[in-house]
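Architecture at a glance
Spelled out, the chains give:
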Amino acid sequence: MADFDVLTHALARNLKHWRNERGFTLDSLAGRSGVSRGMIIQIEQARTNPSVGTTVKLADALGITITTLLDYEHGPEVQLVPPHRAVRMWTTKAGSASRLLVGTQSPGPFEMWSWRLMPGDGSGSDPHPAGTTELLHVTAGELTLVVAGTAHLVPAGTSASFEASAPHAYRNEGRDPVELVMAVSVPPAR
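Presented here is an overview of the structure given in this document. (Residues numbered from 1 in each chain as written. Predicted model: local features only at pLDDT ≥ 70, side-chain atom pairs only at ≥ 80, totals over all residues. Heavy atoms only, no water.)

What about helix 3 (residues 37-44)?
The condition is simple: Only protein chains enter the accessibility calculation, which uses a 1.4 Å probe; a residue whose area is less than 20% of its type maximum is buried, one above 50% is exposed, and one in between is partly exposed. Counting from the N terminus, the helices are DSSP H or I runs at least four residues long and the strands are E runs at least two residues long. Regarding the arc, it is the one traced by the directions from the helix axis to the C-beta atoms.
Taken together, the buried positions of helix 3 are occupied by Ile-40, Ile-43 and Glu-44. Along the long axis of helix 3, the arc covered by the buried residues comes to 95 degrees, so they all point the same way. Looking one or two residues past helix 3, Ala-46 carries a phi angle of roughly 55 degrees, positive in sign.

Set out below in structure tokens:
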């Protein structure tokens, strides 16, 4: 089964599980997430591959990580995620991509990502819930990090952290690929 088919079926199964676990109706989850009721129904019936932004909004509204949304079965205390189990979340024709490497649910959603941005590519994000923090470390190239409309250059070897409740974007405005590792911490749902 292709990565996107696995993702579609995992989201269908787990979105319904976590929505029921939280006691949310379709309408209440739509209201909390900003994702339409119709889209949630399509996702729960595995009839669509939602965008990364839609998936993040749903996970944030449920107070869980994307990792948890993709697979809610908890393993042993130590969780090893081999390379083939990392979930490719998006790619572009130019070769840019992001992969969700690992995540945990305790004390609040916490995820680790691997990103590659090809020259001229970028990815934007809607604001996350208040208290969400992103940390990143650029390992190659020079990232242009835009937070609340202000651009920050982050060259290789440099790390950054920011409050992710503002709109933000990651861009490669240089000539070389940008590679980075990012961690995202979301406060638990109340």
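Focus on the packing of helix 2 (residues 26-33) against helix 4 (residues 52-62)
Stated formally: As a rule, the C-alpha atoms of each element are fitted with a line to give its axis, helices using only the stretch in contact, and angles between N-to-C directions run from 0 to 180 degrees. Angular relationships are summarised with four words: roughly parallel below 35 degrees, roughly antiparallel beyond 145, roughly perpendicular across 65 to 115, and oblique for the angles in between. Residues count as neighbours in contact if any of their non-hydrogen atoms are within 4.5 Å of one another. Asp, Glu, Lys and Arg are counted as charged, while Ala, Val, Leu, Ile, Met, Phe, Trp, Tyr, Cys and Pro are counted as nonpolar; the rest, among them Gly, fall into the polar class.
Put simply, helix 2 and helix 4 touch, their axes get as near as 9 Å, and they point 110 degrees apart. Taken together, the axes of helix 2 and helix 4 lie roughly perpendicular to each other. Of helix 4, the residues touching helix 2 (which contributes Leu-29, Arg-32 and Ser-33) are Lys-57, Leu-58, Ala-61 and Leu-62. When the residues that make up the contact of helix 2 with helix 4 are grouped by side-chain class, the tally is four nonpolar, one polar and two charged.

Structural notes on the sheet that holds strand 7 (residues 150-155)
As a reminder of what qualifies: Note: two strands are recorded as paired if DSSP finds a minimum of 2 bridges between them.
A sheet is described by the order of its strands in space; here four strands give the open sequence 4-9-6-7, paired in antiparallel fashion. If you trace the sheet from one side to the other, it starts and ends with strand 4 (122-125) and strand 7, each paired once. Averaged over all neighbouring strand pairs, the angle between strand axes comes to 15 degrees, with direction disregarded. As paired elements, strand 6 (residues 142-147) and strand 7 share six bridges and run antiparallel to each other. In the sheet register, Leu-145 faces strand 7, and the bridge partner there is His-152.

Considerations on helix 2
Restricting attention to buried positions, one finds in helix 2 the residues Leu-26, Leu-29, Ala-30 and Ser-33. Each buried residue of helix 2 sits inside an arc of 105 degrees when the element is viewed along its axis, so together they form one side. Exposed residues pointing more than 90 degrees away from the buried face of helix 2 are listed as Asp-27 and Gly-31. Backbone geometry just after helix 2 places Gly-34 at a positive phi near 80 degrees.

Description of the packing of helix 2 against helix 3
Convention followed: For any pair of crossing helices, the crossing counts as left-handed if the nearer helix is rotated counterclockwise from the farther one by less than a right angle, and right-handed if it is rotated clockwise.
Packing of helix 2 against helix 3 leaves a shortest axis separation of 9 Å and a crossing angle of 110 degrees. As judged from the angle between their axes, helix 2 and helix 3 are roughly perpendicular. Crossing of helix 2 over helix 3 shows right-handed handedness. Only Arg-37, Ile-40, Ile-41 and Glu-44 of helix 3 make contact with helix 2, whose side of the interface consists of Leu-26, Asp-27, Leu-29, Ala-30 and Ser-33. Its residues assigned to classes, the contact of helix 2 with helix 3 shows five nonpolar, one polar and three charged.

What to know about unusual backbone geometry
With a phi close to 55 degrees, Ala-46 is a non-glycine residue in the positive phi region. Along the chain, Ala-46 turns up in the loop between helix 3 and helix 4. Note on Ala-46: relative accessible area 23%, which makes it partly exposed. In this model, Ala-148 sits at a positive phi of 55 degrees, which is unusual for a non-glycine residue. Ala-148 gets classed as exposed once you look at its relative accessible area, which sits at 53%.

So far we have only geometry, and geometry alone does not tell us how the molecule works.
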